[in-house]
Amino acid sequence: MEDKRNIPIIEWEHLDKRKFYVFGICMTMMIRVSVYPFTLIRTRLQVQKGKSLYNGTFDAFVKILRTEGTAGLYRGFLVNTFTLISGQCYVTTYELTRKYVSRYNNNNAVKSLVAGGSASLVAQSITVPIDVVSQHLMMQRKGESMGRFKVQNQDGKRMLVFGQTKDIIVQIFKADGFRGFYRGYVASLLTYIPNSAVWWPFYHFYADRHNHHII
């Protein structure tokens, strides 16, 4: 039986803002908790020289768990959760930009092209500095570091999570200045802006064609 349902285009004014932000953050957090250990393992595998530490994903998982405990698989996680802000800013920017562009052009493809690119620009401007700090924290192995910076333990005591974060931030700033927090920023923009700017118009193009076809 042929499906005759339309694909609705949900605009900003249609959203229940409270539910949108609460459910959006909760769902994203659940996903982050489940995939973060593999993000950390991937980062370490990419940085290590050859197979000097780990022979692969499973080997890295077992060794990290054995030597650093469960906490080792979540190094930098609390800092990384601040990127949840960028996800909400992405959707908010996208919807508000679509609304603004609609004053001048009501074509869905044009609105989505401009809004998608703008949303990625805002999201990456927030995400990149957080990623830089969290990735350096991922590199902190027990008693040593795989990266450029190493957390300095004071008097042999274990630093609190955000104490480690502060230490890494200070080291990055001293070594590279403010620009150090935006390493890879241009590459991120060149990756995400075109992707977002093209994906959304195709979605609306498909939705418009589908809805027109079943009328």
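This section reports on the structure supplied with the text. Predicted model, so just to flag it, every value in this text is computed and none were measured. Numbering of residues begins from 1 in every chain and follows the order in which that chain's sequence is written. A pLDDT threshold of at least 70 governs which residues receive local features in this predicted model, and a stricter bar of 80 or more applies before side-chain atom pairs are shown or counted, although totals over entire chains, interfaces and linings include all residues. Only hydrogens and water are set aside; all other atoms, that is, all heavy atoms of the structure, feed into the side-chain values.

In this section: the overall build of the chain. Secondary structure follows DSSP: runs of H or I at least 4 residues long count as helices, runs of E at least 2 residues long count as strands, and numbering of each begins at the N terminus. Looking only at helices and strands, the chain features 7 helices and 2 strands. Relative to its 215 residues, the chain shows a buried fraction of 37%. Here the analysis covers contacts within the chain between residues at least 6 apart in sequence; of these, 72% occur between residues at least 24 apart. For every accessible area listed, the method is Shrake-Rupley and the probe measures 1.4 Å; residues are considered covered only by the protein chains on display. When the accessible surface of the chain is totalled, it reaches about 13,700 Å², and 62% of it is carbon and sulfur. Whether a residue is buried, partly exposed or exposed follows from its accessible area with a 1.4 Å probe, protein chains only, as a fraction of its type maximum: under 20%, in between, or over 50%, in that order. By the convention used here, residues are in contact when the closest approach between their heavy atoms is within 4.5 Å.

In this section: the nonpolar core. If you look at the biggest cluster of nonpolar residues, it comprises 13 residues, and the most contacted ones within it are V79, V133, L137, I168 and I172. Among the elements of the structure, α5 (108-138), α6 (161-176) and α7 (185-214) are those that each provide at least two residues to this core. Examining the composition of this core, we find that 5 residues originate from one element, α5, more than from any other. The residues touching V133, leaving out its near neighbours within four places in the chain, are V79, T165, I168, I169, I172 and F181. Here the nonpolar core consists of buried residues drawn from Ala, Val, Leu, Ile, Met, Phe, Trp, Tyr and Cys, with membership extended through side-chain atoms lying within 4.5 Å. Within the second largest apolar cluster, 11 residues are counted, among which are Y54, F77, M138 and M146.

With respect to the helices and strands, D131 occurs in helix α5. The spacing of D131 and T83 is 48 residues in sequence and 8.0 Å in space, taken between C-alpha atoms.

This paragraph deals with the packing of aromatic side chains. Two rings belonging to Phe, Tyr or Trp (six-membered ring only in the last case) form a pair when the distance between their centres is within 6.5 Å. Interplanar angles under 30 degrees mark stacking, angles over 60 mark edge-to-face geometry, and anything in between is tilted. Under the criterion given, the structure shown has 11 aromatic pairs. An angle of 90 degrees between the planes, with centres 5.5 Å apart, marks the rings of Y74 and F77 as edge-to-face. Take F77: its relative accessible area is 12%, and that puts it in the buried class. Linked through ring pairs, Y94, W199, W200 and Y203 together constitute an aromatic cluster.

Bending is quantified residue by residue as the angle between axes fitted to the seven-residue window ending at that residue and the seven-residue window starting at it. Q124 marks where α5 bends most, by close to 30 degrees. N-cap assignment for α5: the residue whose side-chain oxygen lies 2.8 Å from the backbone N of A109 is N107. Pairing of N or O atoms within 3.5 Å defines a polar contact, subject to two protein rules: one partner must be a possible hydrogen donor and the other a possible acceptor, and residues neighboring in sequence count only if both atoms are side-chain atoms.

Let us look at the layout of surface pockets. Of the two site types, the cavity is a set of points on a 1 Å grid over the protein atoms alone where a 1.4 Å probe fits but cannot get out, and the pocket is an open set with protein on both sides within 12 Å along at least five of seven lines, each lined by residues with an atom within 4 Å of a point. Grid points are joined across faces, edges and corners, and a volume is the space filled by probe spheres set on the points. When its volume is computed, the largest pocket comes out at roughly 1,000 Å³. Lining the largest pocket are 41 residues, with N80, T127, D131, Q135 and Y192 positioned closest to its centre. Of all elements in the fold, only α1 (17-47), α4 (84-101), α5 and α7 reach the threshold of two or more residues within the lining of the largest pocket. By residue class, the composition of the lining of the largest pocket is 15 nonpolar, 21 polar and 5 charged. Classification used: nonpolar for Ala, Val, Leu, Ile, Met, Phe, Trp, Tyr, Cys and Pro, charged for Asp, Glu, Lys and Arg, polar for all others including Gly.

Now for the packing of α1 against α4. Inter-axis angles, ranging from 0 to 180 degrees, are taken between N-to-C directions of lines fitted to C-alpha atoms, where helices are fitted over the stretch in contact. Orientation of α1 relative to α4, taken along the N-to-C sense of each, is 135 degrees, at an axis distance of 10 Å. Taken as axis vectors, α1 and α4 run oblique relative to one another. The handedness of the crossing between α1 and α4 comes out as right-handed. Two secondary-structure elements touch here, α1 through F20, Y21, G24, I25, T28, M29 and R32 and α4 through L84, Q88, V91 and T92. Class assignment of the residues belonging to the contact of α1 with α4 gives a composition of 6 nonpolar, 4 polar and 1 charged. Orientation categories follow fixed angle ranges, with anything under 35 degrees roughly parallel, anything over 145 roughly antiparallel, 65 to 115 roughly perpendicular, and all other angles oblique. The handedness criterion is simple: a crossing whose near helix is rotated anticlockwise from the far helix by less than a right angle is left-handed, and one whose near helix is rotated clockwise is right-handed.

Looking at the element boundaries, Q124 is found in helix α5. Under the relative-accessibility criterion, Q124 is labelled buried at 10%. Excluding its chain neighbours within four sequence positions, the residues that come into contact with Q124 are P129, Y185, S188, L189 and Y192.

Turning to its location among the elements, I172 is positioned in helix α6. Through-space distance from the C-alpha of I172 to that of F149 is 7.7 Å; in sequence the pair is 23 residues apart. If we ignore the near neighbours within four places in the chain, the residues touching I172 are V132, V133, H136, F149, G177, G180 and F181.

Read these as geometric descriptors, not functional statements.
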